[in-house]
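Next come the chains, spelled out residue by residue.
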Amino acid sequence: MTTPLVDVRIRRPQQHEALLLELQTESRFPYFRDVLLFAAALGFHNDRRVPFTAASGDPIRYDTLTAPMFSEALVNMIAANVLTDDPEIMDATRIEERVKIFEEYANGGLEYLQEQVNFRHQPAALVVDALVTEALSASGGAKPVSVEELLSGMNWS
């Protein structure tokens, strides 16, 4: 994990605080960071980048957000895909810019999820389950892989 040069914090959008709380308590998201990671992926998938200014609760430390190994890669991949003509976005000094992009996609994902909750007239947990099932169905689902394929990227020395 890369350590940021400054104390970077991830904000939660105030307008979606009720949805964040519902997802944390009723879904399979034990922490707000998990909700935000899912929401950012959902926002990016649906091309929903929505800026916000009002934040709620304590911001999440970057190292807490990126504790799961894939998380920092998600933040970086979203920024790299948004600013494809700017390879310098991956420079350590631009971590705050990558985090802002991540926050905006998380906000867009939460907005999309709230729309789906309203449209489907279902609790957020059921909508999340349905969206994940739909995404897996559209991609052909999880594919079996061999142990050799799983370990091919490992360096054991």
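Because the structure is predicted, anything quoted here is derived from the model rather than measured. (Residues numbered from 1 in each chain as written. Predicted model: local features only at pLDDT ≥ 70, side-chain atom pairs only at ≥ 80, totals over all residues. Heavy atoms only, no water.)

(A) Highlighting the confidence of the model for the chain. The share of residues in the chain with pLDDT of 70 or more is 90%, and the mean pLDDT across the chain is 87. Least confident of the elements in the chain is helix 7 (residues 147–151), whose mean pLDDT is 71; most confident is helix 5 (residues 95–120), at 96. (pLDDT = per-residue confidence, 0-100. Helix = DSSP H or I, 4+ residues; strand = E, 2+ residues; numbered from the N terminus.)

(B) Quick peek at the environment of Glu-26. Mapped onto the secondary structure, Glu-26 falls in helix 1 (residues 17–26). Along the backbone, Glu-26 and Leu-126 are 100 residues apart, and their C-alpha atoms lie at a distance of 9.4 Å.

(C) Structural context of the pattern of salt bridges. Applying the stated criterion across every chain yields a total of 14 salt bridges. Close ionic contact of Arg-9 with Asp-7 constitutes a salt bridge, the shortest N to O distance being 3.0 Å. With a closest N to O distance of 3.1 Å, Arg-120 and Glu-134 form a salt bridge. Of this pair, Arg-120 sits in helix 5 while Glu-134 is found in helix 6 (residues 124–138), placing the two residues 14 residues apart along the sequence. The exposure class of Arg-120 is partly exposed, given its relative accessible area of 24%. Taking relative accessible area as the criterion, Glu-134 reaches 40% and is therefore assigned partly exposed. (Salt bridge = Lys/Arg side-chain N within 4 Å of Asp/Glu carboxyl O. Buried < 20%, exposed > 50% of the residue type's maximum accessible area, 1.4 Å probe, protein only.)

(D) Broad picture of the packing of aromatic side chains. Counted under the stated rule, the structure contains two aromatic pairs. Seen from their ring centres, Phe-29 and Phe-38 are 5.4 Å apart, and the 45° between their planes marks the pair as tilted. Like Phe-29, the residue Phe-38 is buried in the burial classification. Their ring planes at 65° and their centres at 5.4 Å tell us that Phe-44 and Tyr-105 sit as a pair that is edge-to-face. You can see Phe-44 sitting in helix 2 (residues 32–45) and its partner Tyr-105 sitting in helix 5, a full 61 residues away along the chain. Given a relative accessible area of 6%, Tyr-105 falls into the buried group. (Phe/Tyr/Trp six-rings, centres within 6.5 Å; stacked < 30°, edge-to-face > 60°.)

(E) A look at the nonpolar core. Ranked by size, the top nonpolar core spans 36 residues in total, and within it Ile-10, Leu-23, Leu-36, Phe-102, Leu-110 and Leu-113 carry the most contacts. If you list the elements that add at least two residues to this core, you get helix 1, helix 2, helix 3 (62–65), helix 4 (69–82), helix 5 and helix 6. With 10 residues, the top contributor of residues to this core is helix 5. The residues touching Leu-110, leaving out its near neighbours within four places in the chain, are Pro-13, His-16, Leu-19, Leu-20, Leu-23, Val-35, Leu-36 and Ala-39. (Core = buried A, V, L, I, M, F, W, Y, C linked by side-chain atoms within 4.5 Å. Contact = heavy atoms within 4.5 Å.)

(F) Structural detail: helix 5. Between its terminal C-alpha atoms helix 5 stretches 37 Å, which fits the 38 Å expected from 26 residues at 1.5 Å a residue. One or two steps after helix 5, the chain reaches His-121, where phi turns positive at roughly 55°. (Expected span 1.5 Å × (residues − 1).)

(G) Quick peek at the packing of helix 4 against helix 5. One way to put it is that helix 4 packs onto helix 5 with a least axis distance of 9 Å and a crossing angle of 90°. One way to sum up the angle between helix 4 and helix 5 is to call them roughly perpendicular. Here Leu-74, Val-75, Asn-76, Ile-78, Ala-79 and Val-82 of helix 4 come into contact with helix 5, specifically with Arg-98, Ile-101, Phe-102 and Tyr-105. Across the contact of helix 4 with helix 5, the residue classes break down as eight nonpolar, one polar and one charged. (Axes fitted to C-alpha atoms, helices over the stretch in contact; angles between N-to-C directions. Parallel < 35°, antiparallel > 145°, perpendicular 65-115°, else oblique. Nonpolar A, V, L, I, M, F, W, Y, C, P; charged D, E, K, R; others polar.)

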